[in-house]
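# Observations on the model geometry
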Amino acid sequence: MAAILALTDRVSLCNGTSMPSVHLGTYLTNDNETFIAVLEALNIGYRGFDSAQMYDNEAQVGAAINHWLHQDLEDGNDPAVRSRSDIHFTTKLASNSSYDETKESILRSLESCGLGYIDLFLLHSPYGGPEARRECWRAIEDAISEGLIRSGGVSNFGKRHLEELLASDLRVKPSVNQIEVHPFNTRTELVGYCQAQGLQVQAYCPLVHGLRMAHATVVSMAEKHSCTAAQVLIQWSVLHGFVPLPKTTQKQRMVENADLSKFKLSVEDLAILDSLDEGLVTDWDPTDAL
Ligand SMILES: NC(=O)c1ccc[n+]([C@@H]2O[C@H](COP(=O)([O-])OP(=O)(O)OC[C@H]3O[C@@H](n4cnc5c(N)ncnc54)[C@H](OP(=O)(O)O)[C@@H]3O)[C@@H](O)[C@H]2O)c1
């Protein structure tokens, strides 16, 4: 089982880079709150941020990161303690179309976030069919060689999509598959395949989108370990080797969601949580798209 994390911990990816063990999710944060939420998260110690073209917040996330990176300069303090290389910014392609549109789209994301490069760029879904997926992936491979992107990955890819992509003539292998995974949707087969292929699973909706916080088993597990339901769910994710992306705009919840070192779920606890699997989809599920 993976060790319990601190916010500074990172996991290694198959391309030799690394990413923070937990990221802040930013889906459904509105224009006004995104900048403040990301800035607060940075001050708490978060270094990973999950955005997407579809969330329409790349600019606010990037602006908050840039503000934080240059804050010490403005204050006249030593800027050396804050480095772009400590930050991990993820964004995702809105739709799989053509090679040219993907290249243009990557440039637009780069301009919006203003971060100089994108740490991880994902195909947000497999929609569009095999040819579009391959063309868009070719654009990601080229953007990596040009230094615009550090790592490439996919999201919501099912086993069939991954098999198809991995069997094509790849120059760069995807490093990540970002999928919905939590105790109420454990996706054992897909997770096993990703891990066997060396793809890091990023867990979206690690808090079940807030829908199972009061579930009796989760609550009793939290009572047993004197922690909160959110902490149980996030630690379940980390101990399964995933990189969870809990979303909140509330400062005290950001602190809570990252405070996982005072308890440890046992193998038996994990099995009890695994048994809650009901295949629950809280958002969308393109993993069986054509
Ligand atoms: N690739 C994809 O297709 C995809 C799809 C969905 C999501 N994602 C990514 O994954 C991230 C997380 O998913 P998500 O935002 O859907 O759901 P989530 O992180 O599972 O849950 C977020 C919900 O939990 C609440 N919450 C957060 N911390 C809490 C705590 N300590 N106690 C009680 N409630 C708490 C939040 O409310 P408050 O904000 O009010 O605190 C919000 O309502 C997204 O933000 C996005 O970055 C990716």
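What counts as what
Residues numbered from 1 in each chain as written. Predicted model: local features only at pLDDT ≥ 70, side-chain atom pairs only at ≥ 80, totals over all residues. Heavy atoms only, no water. Axes fitted to C-alpha atoms, helices over the stretch in contact; angles between N-to-C directions. Helix = DSSP H or I, 4+ residues; strand = E, 2+ residues; numbered from the N terminus. Parallel < 35°, antiparallel > 145°, perpendicular 65-115°, else oblique. Contact = heavy atoms within 4.5 Å. Nonpolar A, V, L, I, M, F, W, Y, C, P; charged D, E, K, R; others polar. Buried < 20%, exposed > 50% of the residue type's maximum accessible area, 1.4 Å probe, protein only. Near = heavy atom within 4 Å. Polar contact = N/O pair within 3.5 Å; in protein donor to acceptor, adjacent residues only side chain to side chain. Areas by Shrake-Rupley, 256 points an atom, 1.4 Å probe, with all protein chains shown as cover. Salt bridge = Lys/Arg side-chain N within 4 Å of Asp/Glu carboxyl O. Phe/Tyr/Trp six-rings, centres within 6.5 Å; stacked < 30°, edge-to-face > 60°. Lys NZ or Arg CZ within 6 Å of the ring centre and 35° of its normal. UniProt positions renumbered as here; feature names shortened; annotations may be inferred. Pairing = 2+ DSSP bridges. Right-handed = clockwise from strand over helix to strand, strands pointing away.

## Digging into the packing of helix 7 (residues 216-224) against helix 8 (residues 229-239)
It is the contact of helix 7 with helix 8, at a shortest axis distance of 8 Å, that shows an interaxial angle of 95 degrees. The orientation of helix 7 relative to helix 8 falls into the category roughly perpendicular. The segment helix 7 lies against helix 8, with V218, M221 and A222 engaging A229, V232 and L233. In terms of residue class, the contact of helix 7 with helix 8 is built from 6 nonpolar, no polar and no charged.

## A closer look at the side chain of S237
Its place among the elements puts S237 in helix 8. S237 gets classed as buried once you look at its relative accessible area, which sits at 1%. Among all residues touching S237, those that are not within four sequence positions of it are A203, F242 and P244.

## Some details on the site of the ligand
In the vicinity of the ligand lie 30 residues, with D50, L207, H209, T248 and R253 positioned nearest. T248 has a polar side-chain atom sitting 2.5 Å from an oxygen atom of the ligand. Interatomic distance of 2.9 Å between a side-chain N/O atom of N257 and a nitrogen atom of the ligand. Here the ligand loses 89% of its free accessible area of 910 Å² to cover by the protein chains. In terms of residue count, helix 9 (residues 251-258) provides more of the shell around the ligand than any other element does, 3 residues in total.

## Examining the pattern of salt bridges
Summed over the entire model, instances satisfying the criterion amount to 14 salt bridges. R171 serves as the salt-bridge partner of E141, at 3.3 Å between the closest nitrogen and oxygen. Within this pair, whereas E141 is found in helix 4 (residues 130-145), its partner R171 is found in the loop between helix 5 (159-167) and strand 8 (176-180), the two being separated by 30 residues in sequence. The network of salt bridges with common partners includes R134, E141, D142 and R171.

## Some thoughts on the side chain of H225
With respect to the element layout, H225 can be found in the loop between helix 7 and helix 8. Setting aside its immediate chain neighbours within four residues, H225 contacts F263, K264, L265 and D269.

## Here's the deal with the packing of aromatic side chains
A full pass over the atoms with the stated rule returns 3 aromatic pairs. Taken together, a centroid distance of 4.8 Å and an interplanar angle of 35 degrees make the contact between Y27 and Y55 tilted. Of the two residues, Y27 is situated in the loop between strand 3 (24-25) and helix 1 (31-44) and Y55 in the loop between strand 4 (48-50) and helix 2 (58-75); the sequence distance between them amounts to 28 residues. Geometrically, the ring pair formed by W236 and F242 is edge-to-face, given 5.9 Å between the ring centres and 65 degrees between the ring planes. In this pair, the class of W236 matches that of F242, namely buried. Its end group placed over the ring of F184, R212 keeps NZ or CZ at 5.6 Å from the ring centre.

## Brief notes about the UniProt feature "binding site: substrate" (unreviewed entry) in the chain
UniProt records the feature "binding site: substrate" (unreviewed entry) at H124, using the numbering of this structure. The residue H124 is located in the loop between strand 6 (118-123) and helix 4 in this model. We classify H124 as buried; its relative accessible area is 5%.

## Description of the pairing of strand 7 (residues 149-155)
Extensive coverage of strand 7 is indicated by the burial of 6 of its 7 residues. Alignment of strand 6 against strand 7, held across 5 bridges, turns out to be parallel. If you follow L120 over to strand 7, its bridge partner there is S151. Since strand 6 and strand 7 lie parallel, the crossover through helix 4 that links them has a hand, and here it is right-handed.

## Describing the UniProt feature "site: Lowers pKa of active site Tyr" (unreviewed entry) in the chain
When the UniProt feature table is mapped onto this chain numbering, "site: Lowers pKa of active site Tyr" (unreviewed entry) sits at K92. Of note, K92 is situated in strand 5 (residues 88-93). Setting aside its immediate chain neighbours within four residues, K92 contacts D50, S51, A52, Q53, Y55, F121, L122, H124 and Q178.

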